[in-house]
Amino acid sequence: PTMRYIPREENEVHCPLEYGMKIFGGKWKPRIICILSTRDIMRYTEIKKELSNLTDTALSASLKELVTDGIVEKKVFGSPQRIGYCLTPKGKEVIPILQDICEWSGRHTSLDDVNTLPQCRRCDYIMSRR
């Protein structure tokens, strides 16, 4: 008998690496996490300003996913009341991992400081370590 192909469920995860990449992988999520790591709480417009080439749709979707996954928390603060975002303890645990990736990438790229994105200059990883 011929074996029938059974497509994998979209949300099915087979290993811890897949889980991690689902949570903080992609183009925008790592950058959002790094930006949020620089302050206790940031408003949507402040995050958007740091990522000027990111659309509102992509930022909203990324923040929503990060909140759902427990990486980011949506908070009400101040007077008048405002909505802000901050990293959860689970989200703060991701920072050293992203910094290790940044350090590895820095050793394997030939970008100069002019081509380095502004948000990357905020990272604890110093480009001169290359």
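Scroll up to find the structure this text is about.
Residues numbered from 1 in each chain as written. Predicted model: local features only at pLDDT ≥ 70, side-chain atom pairs only at ≥ 80, totals over all residues. Heavy atoms only, no water.

Examining the overall build of the protein
Note the threshold: We count a stretch as a helix when DSSP gives it H or I for four or more residues in a row; a strand needs E for two or more, and each element gets its number in order from the N terminus. With a 1.4 Å probe rolled over the protein chains alone, any residue whose accessible area is under 20% of its type maximum counts as buried; one over 50% counts as exposed, and the rest are partly exposed. Note on contacts: a residue pair is in contact if any heavy atoms of the two residues lie within 4.5 Å. We get accessible surface area from the Shrake-Rupley algorithm with a probe of 1.4 Å; when it comes to residues, only the shown protein chains can shield them.
Along the backbone of the protein there are 7 helices and 2 strands. Going from N to C terminus, the protein has its helices and strands arranged as α-α-α-α-β-β-α-α-α. Looking at the 130 residues of the protein, the share that counts as buried comes to 30%. Across the protein, contacts joining residues at least 24 apart in sequence account for 44% of those joining residues at least 6 apart. For the protein, the accessible surface area stands at approximately 9300 Å², while carbon and sulfur atoms represent 55% of it.

Some points on helix α1 (residues 16-24)
Applied cut-off: Note: the arc covers the axis-to-C-beta directions of the helix.
Within the span of α1, buried status applies to Gly20, Ile23 and Phe24. Taken end-on, α1 shows its buried residues confined to a sector of 70°, consistent with a single buried face. As for α1, its buried residues are in contact with α2 (29-36), α4 (56-68) and α6 (94-107). Positioned one or two residues after α1, glycine 26 has a phi angle of 100°, which is positive.

With respect to the pairing of strand β2 (residues 82-87)
Regular strands show a simple pattern: their side chains alternate between the two faces of the sheet. The condition that has to hold: A strand pair is defined by DSSP finding two or more bridges across the two strands.
Of the pairings in the sheet, the one linking strand β1 (residues 72-77) to β2 comprises 6 bridges and is antiparallel in character. Bridge pairing in β2 places lysine 75 opposite glycine 84. Linking β1 to β2, which pair antiparallel, is a turn of 4 residues; within it glycine 78 sits at a positive phi near 75°.

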